[in-house]
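Residue-level listing of the chains:
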Amino acid sequence: MKLYHAPNSRSVRILWLLEELAIPHEVVDFKLGEKAMRDAPYLKVHPMGRVPALEDGDITLFESGAIVEYLLARHGNGRMVPAQDSPEFPVYLQWLHYAEGMIMPQVNVIVVETVFLPPERRNQTNVDRATRLLTRMLTAVDAGLEGSEYLAGDFSGADIMTGHACYAASRFGADMTSFPQVAAYVERLGARPAFQRALAR
C-alpha cells in the first residue's frame, strides 16, 4: 500500500489511520505546492495534483473521506466503525462527513489568506468571515462531545475526519476557550501515539 502525503494537509488523516490500524505502507512525501505534484506521472495518480492519494494494489483513490471509508471497509476488520444496527452508526456517519462539509471550507479560506497568498493579496475581511463561520461550526462539535470522549461512541473513523479538522481549526485561529469540549478533545487526540507518529512524519 502506498500513500502520497504532504505534511500539514488532509493526508495526515490517512497516515494517522494507517498507523492506528497498523497497516504496512509506503509513503511518498511531497511538500505542498511543489512542482512534482503537477507533473504528468503524479497527475495520473491524482488528476488535481493534490494529496492524499492511496494506491492499494490495482486500486487508486483520492479524497480523504473516501480513503478513510475504504480503509476501514477493506482493512479495518470491524475496527473503528460502529455496528450498522447500533444507535452510534448514524451519528458516526454525520461526523464522518461534517469535517469536509462544515469545518474545512473555513479552514481552507484562512490558510489561503494567511499562508499561501502574498501579503499584498490577502483580504482580512475573508479571514474574519471564515473565522466567524468556523466558530459556528465548532459549536456543534462541542455540543456533540458533551459527556463523551469521542464523537460516536468509541474512537472511530469519524474522529479521524472531524478530529483532524478540529485540530486544524485550533492551529488556524479558532478560539478554543469558547469550546472546552473541543479543546479537551483535540488534546486527547493529540496524545494518541498513532497521531503523534503521523504528525512527526
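Before reading on, note that the structure itself is shown above.
Figured I'd write up the structure that's included with this text. As the structure is a prediction and not an experimental result, all values here were calculated from the model.

Reading across the sheet, the four strands line up as β2-β1-β3-β4 and stay open at both edges, with mixed pairing between neighbours. Edge positions in the open sheet fall to β2 (26-29) and β4 (59-62), since each of these has one partner strand only. In this sheet, adjacent strand axes meet at a mean angle of 15 degrees when their direction is disregarded. Here strand β1 (residues 2-5) runs beside β2; their pairing, made up of four bridges, is parallel. Opposite L3, over in β2, you have V27 as the bridge partner. The strands that helix α1 (residues 11-21) touches are β1 and β2; relative to β1, the one it contacts most, it runs at about 145 degrees. The sheet contacts of helix α3 (residues 64-75) involve β3 (53-56) and β4, and relative to β4 the element is tilted by about 140 degrees.

For residues besides glycine, phi is generally negative; the peptide bonds are generally trans as well. With an omega of 5 degrees, the peptide bond running from V51 to P52 counts as cis. Secondary-structure assignment places P52 in the loop between α2 (40-43) and β3. At E63, a position not held by glycine, the phi torsion is positive, near 85 degrees. Note on placement: E63 falls in the loop between β4 and α3. Even without being a glycine, M80 presents a positive backbone phi close to 65 degrees. Mapped onto the elements, M80 comes out in the loop between α3 and α4 (88-116).

Okay, the pattern of salt bridges next. Applying the stated criterion across every chain, the model contains six salt bridges. The residue R201 makes a salt bridge to D29 at a minimum N-O spacing of 2.5 Å. Taken together, the residues R201 in the segment after α8 (193-200) and D29 in strand β2 connect sequence positions 172 residues apart. R201 gets classed as partly exposed once you look at its relative accessible area, which sits at 44%.

Looking now at the packing of aromatic side chains. Inspection of every chain in the model, using the stated rule, returns nine aromatic pairs. Three or more aromatic residues joined by ring pairs make a cluster, and in this case those are W16, Y150, F155, Y167 and F195. Over the ring of Y150 we find R188; its NZ or CZ atom is 6.0 Å from the centre of that ring.

Where α1 meets α8, the axes come as close as 8 Å, and the angle between the chain directions of the two elements is 135 degrees. Here α1 lies oblique to α8, going by the angle between them. Judged by the sense of rotation from one axis to the other, the crossing of α1 with α8 is right-handed. Where α1 abuts α8, its residues V12, L15, W16, E19 and E20 lie against A194, F195, R197, A198 and L199. For the contact of α1 with α8, the residue count by class is seven nonpolar, no polar and three charged.

What follows concerns the environment of L138. By secondary structure assignment, the location of L138 is in helix α5 (residues 124-144). Residues L138 and H25, spaced 113 residues apart in sequence, show a C-alpha to C-alpha distance of 33 Å.

Moving on: the nonpolar core. L71, I103, L138 and V141 are the most contacted members of the largest nonpolar core, which totals 55 residues. When contributions to this core are tallied by element, the ones reaching two or more residues are α1, α3, α4, α5, α6 (157-171), α7 (180-190) and α8. Among residues more than four places away in sequence, those in contact with L138 are I103, C166, A169, A174, M176, F179 and V182. Membership of the second largest hydrophobic core comes to eight residues, among which are M37, Y42, V51 and A53.

The rules we used
Residues numbered from 1 in each chain as written. Predicted model: local features only at pLDDT ≥ 70, side-chain atom pairs only at ≥ 80, totals over all residues. Heavy atoms only, no water. Pairing = 2+ DSSP bridges. Helix = DSSP H or I, 4+ residues; strand = E, 2+ residues; numbered from the N terminus. Axes fitted to C-alpha atoms, helices over the stretch in contact; angles between N-to-C directions. Contact = heavy atoms within 4.5 Å. Salt bridge = Lys/Arg side-chain N within 4 Å of Asp/Glu carboxyl O. Buried < 20%, exposed > 50% of the residue type's maximum accessible area, 1.4 Å probe, protein only. Phe/Tyr/Trp six-rings, centres within 6.5 Å; stacked < 30°, edge-to-face > 60°. Lys NZ or Arg CZ within 6 Å of the ring centre and 35° of its normal. Parallel < 35°, antiparallel > 145°, perpendicular 65-115°, else oblique. Left-handed = near helix turned anticlockwise from the far one by under 90°. Nonpolar A, V, L, I, M, F, W, Y, C, P; charged D, E, K, R; others polar. Core = buried A, V, L, I, M, F, W, Y, C linked by side-chain atoms within 4.5 Å.

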